[in-house]
Amino acid sequence: QLQLVESGGGLVQPGGSLRLSCAASGFTLDYYVIGWFRQAPGKEREGVSCISSSDGPTYYADSVKGRFTISRDNAKNTVYLQMNSLKPEDTAVYYCAAGPLGVTMEGPYDDWGQGTQVTVSS
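Residues numbered from 1 in each chain as written. Predicted model: local features only at pLDDT ≥ 70, side-chain atom pairs only at ≥ 80, totals over all residues. Heavy atoms only, no water.

1. Observations regarding the packing of aromatic side chains
Counted according to the given criterion, the structure contains 3 aromatic pairs. On the numbers, 5.1 Å between centres and 80° between planes, the contact of F37 with Y109 is edge-to-face. Remark: Y109 occurs in the loop between β9 (92-100) and β10 (111-112) and F37 occurs in strand β4 (residues 32-39); sequence separation between them is 72 residues. Classification of Y109 as buried rests on a relative accessible area of 11%. Judged by centre distance (4.7 Å) and plane angle (45°), the ring pair of F37 and W112 falls under tilted. Of this pair, F37 sits in strand β4 while W112 sits in strand β10, and the two are 75 residues apart along the sequence. Taken together through their ring pairs, the aromatic side chains of F37, Y109 and W112 make up a single cluster. (Phe/Tyr/Trp six-rings, centres within 6.5 Å; stacked < 30°, edge-to-face > 60°. Helix = DSSP H or I, 4+ residues; strand = E, 2+ residues; numbered from the N terminus. Buried < 20%, exposed > 50% of the residue type's maximum accessible area, 1.4 Å probe, protein only.)

2. Overview of the pattern of salt bridges
Going through the model one piece at a time under the given rule, you end up with 4 salt bridges. Here R38 makes a salt bridge to E46, at a shortest N to O gap of 2.9 Å. The salt bridge partner of D62 is K65, with a shortest N-O separation of 3.1 Å. Taking relative accessible area as the criterion, D62 reaches 66% and is therefore assigned exposed. Through salt bridges with shared partners, one network takes in R38, E46, R67 and D90. (Salt bridge = Lys/Arg side-chain N within 4 Å of Asp/Glu carboxyl O.)

Below is the structure:
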């Protein structure tokens, strides 16, 4: 398996911001589509965003469109998810995952990180 490590989660108030990081090791991240997913307790896993190669397309779920931004830093072999205007409904464990170039949010994603908890609460 390819190794992906998420970081940047935490507790924030509604309206606040967090930036999640997905750092790759053992492979060059730019050769893969990287997706962000989230899963709240008792709910289905939801595709949040994905990014292809450095000049490739991006995708955002309707629930986060206009608030979240996905980006790559190839020099750091890292993909970021900037989350602004956070809502309590955004509370979930967030995972990043890697799939072959050409995949969409539908997958397949073969390699997954361990997840990072995001909690949005007053």
